[in-house]
Amino acid sequence: QVQLVESGGGLAQAGGSLRLSCAASGRTLSSYAMGWFRRAPGKEREFVAAINWSGGSTFYAGSVKGRFTISRDNAANTMYLQMNSLKPEDTAVYYCAAAPSPLEYSGYQYYYYWGQGTQVTVSS
């Protein structure tokens, strides 16, 4: 089986930065697309960012484009989300996920493996 574990969450101030990591174990996920989703208090899960299997293509929600950067290190079986210029509305539990052969990258239905989430809190 595959296990995904997020880390790097915590408290940041508005305008600050945070770097999330997602480590995979159980098998190599180099052939999988990887993505980040988040769930803010009182809201449904929403797409944040995704990266294809090679890392050559990235995709972002409009709300984070220009501020967040997704990357992956297939040799380390790890992906990252660099979060800059944080805003209070970025406060959420962030989940990493892996998708085998997704038809597109923003749909949660294509992600088969999910982590347990890491809390990100941004203060004003």
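Parameters at a glance
- Residues numbered from 1 in each chain as written.
- Predicted model: local features only at pLDDT ≥ 70, side-chain atom pairs only at ≥ 80, totals over all residues.
- Heavy atoms only, no water.
- Helix = DSSP H or I, 4+ residues; strand = E, 2+ residues; numbered from the N terminus.
- Rg over C-alpha atoms; globule rule 2.2 N^0.38 Å.
- Buried < 20%, exposed > 50% of the residue type's maximum accessible area, 1.4 Å probe, protein only.
- Contact = heavy atoms within 4.5 Å.
- Areas by Shrake-Rupley, 256 points an atom, 1.4 Å probe, with all protein chains shown as cover.
- Lys, Arg positive; Asp, Glu negative; His and termini not counted.
- Charge placed at Lys NZ, Arg CZ, Asp CG, Glu CD.
- Pairing = 2+ DSSP bridges.
- Axes fitted to C-alpha atoms, helices over the stretch in contact; angles between N-to-C directions.
- Salt bridge = Lys/Arg side-chain N within 4 Å of Asp/Glu carboxyl O.
- Core = buried A, V, L, I, M, F, W, Y, C linked by side-chain atoms within 4.5 Å.
- Phe/Tyr/Trp six-rings, centres within 6.5 Å; stacked < 30°, edge-to-face > 60°.
- Lys NZ or Arg CZ within 6 Å of the ring centre and 35° of its normal.

What the protein contains, in helices and strands, is 0 helices and 11 strands. For the protein, the α and β elements follow one another from N to C terminus as β-β-β-β-β-β-β-β-β-β-β. Scaling as 2.2 N^0.38, a compact globule of 124 residues should have a C-alpha radius of gyration of about 14 Å, and the protein matches this with 13 Å. Among the 124 residues that make up the protein, the fraction classed as buried is 44%. Contacts in the protein between residues at least 24 apart in sequence constitute 58% of all its contacts with a sequence separation of at least 6. Surface summary for the protein: the accessible area is close to 6200 Å², and the carbon and sulfur share equals 48%. For the protein, the distance from the average site of its 10 positive side-chain charges to the average site of its 7 negative ones is 3 Å.

Okay, the sheet that holds strand β1 (residues 3-7) next. Read from one edge to the other, the open sheet built from 4 strands follows the order β1-β3-β8-β7, with strand pairing classed as antiparallel. Lying at the two open borders of the sheet, with one neighbouring strand each, are β1 and β7 (68-73). Adjacent strand axes in the sheet meet at a mean angle of 15 degrees when their direction is disregarded.

On to the pattern of salt bridges, then. Taken as a whole, this structure holds 4 salt bridges when the rule is applied. Residue R38 pairs with D90 through a salt bridge whose shortest N-O separation is 3.0 Å. In this pair, R38 sits in strand β4 (residues 33-39) while D90 sits in the loop between β8 (78-83) and β9 (92-99), placing the two residues 52 residues apart along the sequence. Assigned by exposure class, R38 and D90 land together as buried. E44 is paired through a salt bridge with R39; the nearest N and O atoms lie 3.8 Å apart. For R39, a relative accessible area of 34% gives the class partly exposed. If you follow the salt bridges from partner to partner, you end up with R38, E46, R67 and D90 in one network.

The next subject is the side chain of R72. In this fold, R72 is placed in strand β7. If near-sequence neighbours (up to four positions away) are discounted, R72 is found in contact with L29, S30, Y32, A33, M34, I51, N52, W53, G55, T78 and M79.

Right, let's talk about the nonpolar core for a bit. Counting 37 residues, the largest nonpolar core has L4, W36, L81 and Y94 as the members making the most contacts within it. Where this core is concerned, the elements lending two or more residues are β3 (18-25), β4, β5 (46-51), β7, β8, β9 and β11 (118-123). With 6 residues, β9 is the largest single contributor of residues to this core. Those residues in contact with Y94 that sit more than four places away from it in its chain are E6, L20, W36, F37, R38, V48, F68, L81, M83, G117, T118 and V120.

This part takes up the environment of G26. Relative to the assigned elements, G26 resides in the loop between β3 and β4. Judged by relative accessible area, G26 falls into the exposed class, the value being 64%. Counting along the chain gives 24 residues from G26 to V2, while the straight-line C-alpha distance between them is 4.6 Å.

Time to look at the packing of aromatic side chains. Considering all chains together, one arrives at 7 aromatic pairs under this definition. Seen from their ring centres, F59 and Y105 are 4.5 Å apart, and the 15 degrees between their planes marks the pair as stacked. Here F59, found in strand β6 (residues 58-60), pairs with Y105, found in the loop between β9 and β10 (113-114); they are 46 residues apart in sequence, far enough to count as distant. Members of the aromatic cluster, joined through ring pairs, are F37, F47, Y111 and W114. Between R19 and the ring centre of Y80, over which it is positioned, the NZ or CZ distance is 4.5 Å. We note R45 situated over the ring of W114; from NZ or CZ to the ring centre the distance is 4.7 Å.

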